[in-house]
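Structural characterization, general
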Amino acid sequence: MKKTVLMAVLAVYCLAGCSSDDKARTKNDAGQPGTGSYPVSTADGKTIPVAELAKWPFYGIGNVSIDQAENALRVAESDSSKGVMLVSPESYASRVVVSFKVKPSTFESVNVVVISASDKTTGGDFLIPSDYDGNFGFWTQENVQNYVFAFHNAAHDRKPFIVRDPGMVLLAEAETHVTGERWNEIEIGRDGSHVFMKIDGKTIIDAADTAQPELPGGKICFRLRGTPGNNASALFKDVVIREQ
């Protein structure tokens, strides 16, 4: 009788162990980079409430405020600005998707998002100088490596594009302008060396970065810059960051 009970217990233990292994293997397989399936997607995502977004480190000459009527964060330049940046307090993986809604206030409010921003030498965190004035050169020509996704940039006589920094190396440019001075749904991201941009549910850029080594993950930044005499501002809400 004892032998029979022991065998039954061992059988149950084996089944449980096999089931756990199968689940772990399924999870690991799902975590591998896509091959032909693009863009990256995952059920888990971190929603950034407007109140939390307002606490992200802010750089440049301007301000952030919460628009209660729109339940959105307003990011704005002030006079003498060279651009304003909202920088995530934490870093994210090299397989990440950022989705959000944005409403530029004017045609001149050029809007880009920087992802995977890290130190070019260490691949880790980078130091933003205390006297940083908002200039874009810090992100594109110095010791910070990243990807820049420009989507509301007709005022600079450019169509939406994705570049790798430092050096503003163009990876791809869209065929036409898509966004306007209204609520736009933006989704951008990367799966290792693949990058993409979707606007209002339509993929407008899907490209590969063939440069080596592959960029690590890093911080996410929202940037606004106007044109001479026209300060930029925009509303942001429904920000979700998904890692895989």
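Above this note sits the structure.
The structure reproduced in this document is the subject of the present report. (Residues numbered from 1 in each chain as written. Predicted model: local features only at pLDDT ≥ 70, side-chain atom pairs only at ≥ 80, totals over all residues. Heavy atoms only, no water.)

1. Examining the packing of aromatic side chains
- This model, assessed by the stated rule, comprises 11 aromatic pairs.
- Considering the side-chain rings of Phe 100 and Phe 151, the 5.8 Å spacing of their centres and the 55° angle between planes classify their relative orientation as tilted. Here the residue Phe 100 occupies a position in strand β6 (residues 95-104), and Phe 151 occupies one in strand β8 (residues 144-152), the gap between them amounting to 51 residues. As far as burial versus exposure is concerned, Phe 100 and Phe 151 are alike and both buried.
- An angle of 80° between the planes, with centres 6.4 Å apart, marks the rings of Tyr 132 and Trp 139 as edge-to-face. When sorted by exposure, Tyr 132 lands in the same class as Trp 139, which is buried.
- Geometry around Trp 183 places Lys 237 over its ring, the cationic atom sitting 4.4 Å from the centre. (Phe/Tyr/Trp six-rings, centres within 6.5 Å; stacked < 30°, edge-to-face > 60°. Helix = DSSP H or I, 4+ residues; strand = E, 2+ residues; numbered from the N terminus. Buried < 20%, exposed > 50% of the residue type's maximum accessible area, 1.4 Å probe, protein only. Lys NZ or Arg CZ within 6 Å of the ring centre and 35° of its normal.)

2. What to know about the pattern of salt bridges
- Enumeration according to the criterion identifies 13 salt bridges in this entry.
- Residues Lys 101 and Asp 238 are paired through a salt bridge, measuring 3.3 Å at the closest nitrogen-oxygen approach. Taken together, the residues span a long stretch of sequence, with Lys 101 in strand β6 and Asp 238 in strand β15 (residues 233-243) at a distance of 137 residues.
- Looking at Lys 101, the relative accessible area reads 26%, which means it is partly exposed.
- Relative accessible area serves as the criterion here: at 41%, Asp 238 is assigned to the partly exposed category.
- A salt bridge links Lys 219 to Asp 125; the nearest nitrogen and oxygen atoms lie 3.5 Å apart. Taken together, the residues Lys 219 in strand β14 (residues 219-225) and Asp 125 in the loop between β7 (110-119) and α3 (137-140) connect sequence positions 94 residues apart.
- For Lys 219, a relative accessible area of 12% corresponds to the buried category.
- One salt-bridge network, held together by shared partners, links Lys 46, Glu 52 and Glu 90. (Salt bridge = Lys/Arg side-chain N within 4 Å of Asp/Glu carboxyl O.)

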